[in-house]
Amino acid sequence: MSPSTPSTEVHVDVEGRTLKLSNLDKVLYPRTGTTKGEVLNYYARIAPVLLPHLAHRAVTRIRWPHGVQDMSFFEKNVPNGTPSWVHTVTVPTTGSRGPSRNGDTITFPVVDDLATLTWLVNLAALELHVHQWTVGRTGRPRKPDRLVIDLDPGEPAGLPECAQVALLVRAKLDERGLVARAVTSGSKGLHLYAALPGQLDSDGTTALAKEVAEELQAEHPKAVTATMTKARRSGKVFLDWSQNAGSKTTISPYSLRGRELPTVAAPLTWEEVVAGAEDPLALEQLRFEEVLERVEEHGDLFAG
């Protein structure tokens, strides 16, 4: 069936913007048969809780034009043909560290409305990644407003071990006056976030996250590693502190992942993390249908 036929191409009005959506019946997740139309529907329904966490942030996308079984590619700069109404921001390639030495810049989209979100998802941008800093009115990156630590398990460790280590990380952050929030990665592990008062630059937040990781590595050497070398991760949870660097990004809460199943980076309660630490079957990566149900019941667990 040709992409130009009426059954696979529609024009829709999204908050006053007319968008052309194509190939709605294309299967993007072959294992579950999830189509592009279903992906667009998920993002439209999750937008009220997703958009606040994308607001004022430069968005890096990972696109799967032919579905998750095929090749994907990272995209930072806005693509050719970007609508004039899309909010963009041009920042140094070094992110929030200030002007790059060679003057290179990247022009990112800023996803601050449903129309922009829909436009990107129609380009098969399944994953939306953001920095830990926001941009001001002038387009200049501000200091980071949050810290993130990525808990990445090395086989045979998995999500239960991540939950156990997450409780240790939460305690370390609490000692520093920081309140942690937990999010499934949508892949293998967990992400822990803590809001910051904006006094540290990216080097400072990176150093803080590394300090926490190395303390826990010293105290729990059989369960935790702060070393990036993959050979040293077997059976341990790697605390990736590097995603706080000005140029690094992390999957946004509520974004889909381009995995075999349509899983989502889903915010959790600490009660769920505790349960997952005690019972290997109590915690799992969540699919988009489950996340929609959770938001309907509990609202945005990542808010505040």
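Refer to the structure printed above.
Just so it is clear, the model here is predicted, and its values are computed rather than measured.

Colleague: Help me understand helix 2 (residues 114-122) in this model?
Modeller: Think of an α-helix as 3.6 residues a turn; residues three or four steps apart then line up on the same face. Counted residue by residue, helix 2 has nine buried out of nine residues, so it is predominantly covered. Listed in full, the buried residues belonging to helix 2 are L114, A115, T116, L117, T118, W119, L120, V121 and N122. Residues of helix 2 that are buried make contact with strand 1 (9-14), strand 2 (17-22), helix 1 (36-54), strand 5 (59-63), strand 8 (105-109) and strand 9 (125-130). Two residues or fewer past helix 2, A124 is found with a positive phi of approximately 65°.

Colleague: I would appreciate a short explanation of the packing of aromatic side chains in the present structure.
Modeller: Where two aromatic rings form a pair, the distance of their centres and the angle of their planes describe that pair. Tallied over the full model, the rule gives three aromatic pairs. Seen from their ring centres, Y42 and F288 are 5.7 Å apart, and the 70° between their planes marks the pair as edge-to-face. Of this pair, Y42 sits in helix 1 while F288 sits in helix 6 (residues 288-298), placing them 246 residues apart in sequence. For the residue pair Y42 and F288, the accessibility class agrees, reading buried in each case. Look at Y193 and F302: their rings are 5.1 Å apart centre to centre, the planes differ by 80°, and that puts the pair in the edge-to-face class.

Colleague: Any chance you could explain the packing of helix 3 (residues 159-175) against helix 4 (residues 202-219) here in plain terms?
Modeller: Relative to each other, helix 3 and helix 4 sit at 125°, their axes nearing to 10 Å. On the basis of their axis angle, the class for helix 3 and helix 4 is oblique. By crossing handedness, the relation of helix 3 to helix 4 is classed as right-handed. When helix 3 is examined against helix 4, the residues L168, V169, K172 and L173 are found in contact with a partner set consisting of V212, E215, L216 and E219.

Colleague: So what exactly am I meant to see when it comes to the environment of G33 here?
Modeller: Mapped onto the secondary structure, G33 falls in the loop between strand 3 (27-29) and strand 4 (34-35). Accessibility expressed as a relative area gives 31% for G33, which makes it partly exposed. Along the primary structure G33 and T118 are separated by 85 residues, whereas in three dimensions their C-alpha atoms are 21 Å apart. Those residues within four positions of G33 in sequence are excluded, and the remaining contacts are V27 and E38.

Colleague: Would you take a moment to explain the sheet that holds strand 17 (residues 267-268) for this structure?
Modeller: By definition, the strands of a sheet pair up through backbone hydrogen bonds, in either a parallel or an antiparallel sense. Spatially, 13-14-10-12-11-17 is the arrangement adopted by the six strands of the open sheet, whose pairing is mixed. Since the sheet does not close on itself, it has two edges, and those belong to strand 13 (224-225) and strand 17, each with one partner. Of the pairings in the sheet, the one linking strand 10 (residues 146-153) to strand 12 (residues 190-195) comprises six bridges and is antiparallel in character. Within the sheet, the bridge partner assigned to I149 lies in strand 12 and is L192. Strands in contact with helix 4 are strand 10, strand 13 and strand 14 (237-240); relative to strand 10, the strand with the most contacts, it is inclined by about 40°. Along the sheet, helix 5 (residues 270-278) makes contact with strand 11 (180-184), strand 12 and strand 17, crossing strand 11 at roughly 65°.

Conventions used here
- Chains are numbered independently. Their residues run from 1 in the order of the written sequence.
- Per-residue local features are limited, in this predicted model, to residues with pLDDT of at least 70; the limit for side-chain atom pairs, both in listing and counting, is 80 or more; totals at the level of whole chains, interfaces and linings are taken over all residues.
- Values reported for side chains reflect all heavy atoms of the structure, with hydrogen atoms and water molecules removed beforehand.
- Throughout this description, buried means an accessible area under 20% of the type-specific maximum (1.4 Å probe, protein chains only), exposed means over 50%, and partly exposed covers the range between.
- Segments assigned H or I by DSSP are reported as helices when at least four residues long, segments assigned E as strands when at least two residues long, and all are numbered from the N terminus.
- We call two residues in contact whenever any of their non-hydrogen atoms come within 4.5 Å of each other.
- Pairing of aromatic side chains here covers Phe, Tyr and the six-membered ring of Trp, requires ring centres within 6.5 Å, and sorts the geometry by plane angle: under 30 degrees stacked, over 60 edge-to-face, intermediate tilted.
- Angles run from 0 to 180 degrees between N-to-C directions of axes, and those axes are lines fitted to C-alpha atoms, restricted for helices to the stretch in contact.
- If an angle is under 35 degrees, it is roughly parallel; if it is over 145, roughly antiparallel; if it lies from 65 to 115, roughly perpendicular; otherwise it is oblique.
- Handedness of a crossing is defined here by the sense of rotation of the near helix relative to the far one, left-handed for an anticlockwise turn of less than a right angle and right-handed for a clockwise turn.
- Two strands pair under a simple rule: DSSP has to find at least two bridges between them.

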